[in-house]
Amino acid sequence: MTTLSRRSFLEASAAASALAALGGVHGVKQAMAATAAGGESWVKSVCRYCGTGCGLFIGVKDGKVFAVKGDKDNHNAGFLCLKGFLLPQILTAPDRCLHPLVRKEGKLVRASWEEAMSLVASKFKESIEKYGPDSVAFYGSGQGLTEETYCANKLFKAGIRTNNVEGNPRLCMASAVAGYVTTYGKDEPMGLYEDIDHADVILLVGSNTAEAHPIIFQRVVRRKETGRGVKVIVMDPRFTPTSRIADLHISFTPGNDLAILNAMAHVLVKEGMVDEGFIAKHVAFGEGTEVNKSFDDYKAFLAEYTPEKAAAIAGCRPEDIVTAARWFGERGKAATSMWTMGLNQRTKGVWANNLVHNLHLLTGKIGTPGNTPFSLTGQPNACGGVRDGGALSHLLPYGRLVANDAHRAEMEKLWGVPEGTLKPKPGLSTVDMFRALEAGEIKCLYIMCTNPGQSLPNVNRYRKAMERADAFVVVAEAFHPTRTSELADVVLPAALWAEKEGVYGCAERRYQLLEQAIPPAGEARPDFAILCDLAARLGHGKLLPFKTPADVWAEILTICKGTVYDFSGMTRERLKQAHGLLWPLPTPGHPGTKRRYVKGDDPLVPADHPERILFYGRPDKKAVVWLRPQRPPEEVPDAEFPFFLTTGREIEHWHTATMTRNCKELANTNLESMAQLHPNDARKLGVRAGQSVRLTSRRGSQVFRVKVTDNAKEGVIFIHMHDPDRMCNVLTIDAVDPVSRQPEFKVCGVRVEKA
Ligand SMILES: Nc1nc2c(c(=O)[nH]1)N[C@H]1C(S)=C(S)[C@@H](COP(=O)(O)OP(=O)(O)OC[C@H]3O[C@@H](n4cnc5c(=O)[nH]c(N)nc54)[C@H](O)[C@@H]3O)O[C@H]1N2
Ligand SMILES: Nc1nc2c(c(=O)[nH]1)N[C@H]1C(S)=C(S)[C@@H](COP(=O)(O)OP(=O)(O)OC[C@H]3O[C@@H](n4cnc5c(=O)[nH]c(N)nc54)[C@H](O)[C@@H]3O)O[C@H]1N2
Ligand code: SF4
Ligand SMILES: [Mo]
C-alpha cells in the first residue's frame, strides 16, 4: 500500500479544490479517495472516439489514468476497439497544450488566463459593437460535451444574438439530419443497436463499418455467424475490410448510388414485395419539397430505373441490384440498413438518405425488431450535443427551428430573454461561415474541439481566411500545435476526456455520463468553464450562471421537456447509475425507449393508438417516400482530371490524428496519407508502391507516396484524412448539398503525375 506523502496530499487537495470551483468533482473525489487509500478506482465513462459510444471504466491510481476497461453492462458488452483501449496515453502526450498562448509579433507565446481571456473578450466586444453580432461566430464539434455545446449555443444565439453557430457535424451528419427530417419530420434514428441482433439482411451503404465503427461491426459479424441465413450487402465503390464479410458487394463509380437505390425500389414494386397496407396507412409521397404525389406517380417515376439502366449509370451488374432488392424485400425477413459518410458527404446526400428510407417505408420494414433505417453517427456526441441540442445555424434546442416564430418565442421564454432576442434568420453554415471569414465579414471566430485547418474541404482556401490579418481566431484545444492552432491568435488549453464531466449522446439515442477521473493537465480548463468565463466577460453572465455541468444539465432537462426528445426523466443521478439511457424518457421512472414511433414502446404514441406505429413527426402523421432522381456528383473526372478521388478513414487513426498519433502503438501505424491505387492504375501510370506521385485537383496539389492495393477500385484513388503533413483536403471540393449544406468530401476529380 502506498502512503500519500504530505507534498502529494497537498497537491491533490489543491487540485481538488481548484476543480471544485469549476465543478464536476464527483469522479475526482472518488478517484482521490481511492488514491488516498492507496488503491485504484474505476470511474464510469464513455470512449472519447466514435459515435458507437462504447461504455468504459477509467482506471485511476495515484491521480493518473493507467488503463481503461470496457463496461460489461453497456451495449458494447465490455468490448472496446484498439483506439478506445489506448485512450489513457493521450492524456499525458508531450504536445498537450498546458497553458494559454497569445500571438505577439507573429508568434504564439505563453500568456496567463487573465491576459488571454481579456484579449478574447475585448476583441469580441469590439467587433460586436463596431460591426454587429453577425461579425462573430462559433464553430464547435460533435465531440464537445452536451453541456459545453449547450452553453456555447445559448451564449451566441441568446446573448450575443447571432445565429452564426456551427460545428463539424455540418461536415458529417447534416445530410442524415435533413434525411430524417424530410422523411419523418424529426431528426434521429428510430431504431437501436439491438436491431442488428434481429436482422436477416443488413445493408451497409457508404459505411466502412469495420474500420469506422468497429464494435458495431463486431455485432454485425456476430449476427452473421449466429443467425441462420443472415445476408450482408455492402455498397461501396471500394473493396473495404467491411466488404470482406459481404454476401453481396456492389462496387460502383462514386456518386452514382442514387440510381442503384431507385432501381432496388423498382424491383421491390415490380416483384410485389411492397407492403400495400402499410403504405396506405403510414406513407405519403413527395417530390422536391412538396408532399403532393401518389403511389402511382411514384411507380411512374420508378419505371425508368430498371436495374439495367441503373447498372449502366453506376457501373455495376444489374443482377446484383436485383439480388439486393430481393434479399431486402423478402417477406418475413427483417432488414436493417446502416450508412455513414459514403451517403452523407455528397452534394446529393439528403436525397441519398431519402432513398434508403424509401426502401424501408415501401416494405413496411421499420419499427419492429431487426427492421430499421439506421444512420451511424460519426462523432461521440454529434447526436447529443449538436443535433439534439440544436447547435447549428438553423436550429434551436430539441427539434426547434430558428426560422419558426413559435419555436423562437418558446425558447425566449425558457431562456428568460426578451421577446425578439433570437434572430429569425438562420446563420451561416460551415462553408459559408469560412467564406464570410475570407470576405472579412466575420471578424472573430471561436473554434472549440475541432481542427478545421485540416478537416475542411478545399482547406487551403479557408486556412488563408483564418490567417487574414483582420481575422481574430480563438482556438480552444487540448493539443498544440495542430493545423488550426498554428493559425490562431489565441490558443486556450482545454481539459480533455477524463479531466472533466458531461454527457455524450451516441448513435442510438443513448445518453451517457462521462465522469471526471483526474484533474485537468497543466493550466487546462474544461470548455464549460472557459465559456462561462467568456460569457461573464461579455456581460452575459446571467445566461450562463452555472457552477457545474450538472447545473447545466438541470436546465437542459427543462428545455427538452414536452418536445419529441423529452428526456426530462434523465436526472444526473439516474445517469450516474445507468449504463446509458435511450430517449424519449419523459419521467424519472420511465425505462427509456427502444424503438421510436412504436406503440407500447415510445411514450409519445398514445397507448390506444389503433396502429402499431405513429409517425408523429409530421403534421399528417405519415412518413414520406420521396421521388429523388439520380444525379451525378458535382465534379466527375474528365480529360484533365481523369481519376476519381475519394477520402475517408482507416481504423488506426481519429480524424486529424491529434490524439491517436500520441499513442505509441498507433503513431507509427498508417499515419501517412498515401494515394491508394488499384494495381491496374499503378501499371497504367507506370508507378510502383512507395514511389511519390503528385495529385492535382482544380483546387490544389499535394505529393503522396503510392500504395497499391486490391481494396481500391480501378479509376478511384482513396486517401485517408488523418495525416497532418499530407492533407488530402488540399484537393477536395467545397461544393455542398443544397439542403444540408454538407460538403462533397467523397467525390472529386484529380490527375496523377510522377513526382
Ligand atoms: N477509425 C476511425 N473511426 C471513425 C472516425 C475516424 O476518424 N477514425 N471518425 C468517425 C466519424 S466522425 C465518422 S463521420 C465516421 C465515418 O464513417 P464511414 O463513413 O464509414 O467512413 P469513411 O471512410 O469516411 O467513408 C465510408 C466509405 O464511403 C465510401 N464511398 C465513397 N464514395 C461513395 C459513394 O458515392 N457511395 C457510397 N455508397 N459510398 C462511397 C468510401 O469508399 C468509404 O469506404 O467514422 C467515425 N469513426
Ligand atoms: N477529406 C475529408 N475530410 C473530412 C472528412 C472526410 O471524410 N474526408 N470527414 C469530415 C467529418 S465527418 C468530420 S466529423 C470532421 C472531423 O474533423 P475535426 O473535428 O476537425 O477533427 P478532429 O481531429 O476530431 O478534431 C477535434 C479536435 O479537438 C481537440 N480536442 C479533443 N478533445 C477536446 C476537448 O475536450 N476540448 C477541446 N476544446 N478540444 C479538444 C483535438 O485535439 C482535435 O484537434 O472531418 C471532416 N473532414
Ligand atoms: S468502437 Fe468507437 S466508441 Fe467503441 S471503443 Fe472503438 S472508437 Fe471507441
Ligand atoms: Mo464525422
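Trainee: Where do I start with the site of ligand 1 in this structure?
Mentor: Taken together, 35 residues lie around ligand 1, and Ala 212, Asp 236, Gly 255, Arg 649 and His 653 are the ones closest in. In the model, an oxygen atom of ligand 1 is placed 2.7 Å from a nitrogen or oxygen of the Asn 208 main chain. For ligand 1, whose unbound accessible area comes to 900 Å², protein coverage reaches 100%. Among the residues making up the shell around ligand 1, the classes are represented as 11 nonpolar, 15 polar and 9 charged. Looking at the shell around ligand 1, you find at least three residues from each of domain 3 (174-375) and domain 4 (643-732).

Trainee: What is the right way to read the confidence of the model for the protein from this model?
Mentor: Of the residues in the protein, 95% reach a pLDDT of 70 or more, and the chain-wide mean stands at 95. Predicted confidence is poor over residues 1-28, with pLDDT under 50, and the contacts of this stretch with residues over four places away or in other chains come to 42 contacts.

Trainee: What am I meant to see in the nonpolar core here?
Mentor: As a rule of thumb, soluble globular proteins bury nonpolar side chains together. Phe 124, Tyr 298, Tyr 446, Leu 492 and Phe 567 are the most contacted members of the largest nonpolar core, which has 126 residues in total. At 9 residues, helix α10 (residues 257-270) tops the list of elements feeding residues into this core. When residues of this core are assigned to domains, at least three fall in each of domain 2 (101-172 + 381-544) and domain 3 (174-375). Aside from chain neighbours lying at most four places away, what touches Phe 567 is Tyr 398, Tyr 511, Trp 553, Ile 556, Leu 557, Cys 560, Trp 583 and Leu 585.

Trainee: Help me out: how do you make sense of the site of ligand 2 in this one?
Mentor: In the region of ligand 2, 35 residues are neighbours, and Gln 143, Ser 455, Glu 477, Thr 656 and Asn 729 sit closest. One nitrogen or oxygen atom from the side chain of Glu 477 is found 2.3 Å from an oxygen atom belonging to ligand 2. Side-chain polar atom of Thr 656 to an oxygen atom of ligand 2: 2.5 Å apart, as the coordinates give it. Of all the secondary structure elements, the ones that give two or more residues to the shell around ligand 2 are α20 (452-455), β18 (472-477) and β24 (643-648). Among the residues making up the shell around ligand 2, the classes are represented as 15 nonpolar, 14 polar and 6 charged. Looking at the shell around ligand 2, you find at least three residues from each of domain 2 (101-172 + 381-544) and domain 4 (643-732).

Trainee: Looking at this structure, how should I read the pairing of strand β1 (residues 40-46)?
Mentor: Across a regular strand the side chains alternate sides, sitting on one face of the sheet and then on the other. Most of β1 sits out of view: 5 of its 7 residues are buried. Bridge count between β1 and strand β2 (residues 55-61): 7 bridges; the pairing is antiparallel. Residue pairing across strands places Val 46 opposite Gly 55, the latter belonging to β2.

Trainee: Would you explain helix α21 (residues 459-467) in this entry?
Mentor: One turn of an α-helix holds 3.6 residues; hence residues three or four places apart share an orientation. Those residues of α21 not exposed but buried are Val 459, Tyr 462, Arg 463, Ala 465 and Met 466. Within α21, the buried residues cover an arc of 155° as seen down the axis, which keeps them to one side. Opposite its buried face, α21 presents the exposed residues Lys 464 and Glu 467, each directed more than 90 degrees away.

Trainee: Whenever I open this one, unusual backbone geometry confuses me. Can you help?
Mentor: Backbone phi values are negative for most residues with the exception of glycine, while trans is the configuration of most peptide bonds. The amide bond that connects His 480 to the next residue, Pro 481, takes the cis arrangement and shows omega of 0°. Examined against the element boundaries, Pro 481 turns out to sit in the loop between β18 and β19 (490-493). Unusually for a residue other than glycine, Glu 105 sits at a positive phi of about 50°. Within the secondary structure, Glu 105 is located in the loop between β4 (101-104) and β5 (107-110). Here Lys 621, not a glycine, exhibits a phi torsion of approximately 60°, which is positive. Examined against the element boundaries, Lys 621 turns out to sit in the loop between β22 (581-582) and β23 (623-627).

Calculation notes
- Residues numbered from 1 in each chain as written.
- Chains lettered and ligands numbered in written order.
- Predicted model: local features only at pLDDT ≥ 70, side-chain atom pairs only at ≥ 80, totals over all residues.
- Heavy atoms only, no water.
- Near = heavy atom within 4 Å.
- Polar contact = N/O pair within 3.5 Å; in protein donor to acceptor, adjacent residues only side chain to side chain.
- Areas by Shrake-Rupley, 256 points an atom, 1.4 Å probe, with all protein chains shown as cover.
- Nonpolar A, V, L, I, M, F, W, Y, C, P; charged D, E, K, R; others polar.
- Domains from an automatic or database assignment.
- pLDDT = per-residue confidence, 0-100.
- Contact = heavy atoms within 4.5 Å.
- Core = buried A, V, L, I, M, F, W, Y, C linked by side-chain atoms within 4.5 Å.
- Buried < 20%, exposed > 50% of the residue type's maximum accessible area, 1.4 Å probe, protein only.
- Helix = DSSP H or I, 4+ residues; strand = E, 2+ residues; numbered from the N terminus.
- Pairing = 2+ DSSP bridges.
- Arc of directions from axis to C-beta.

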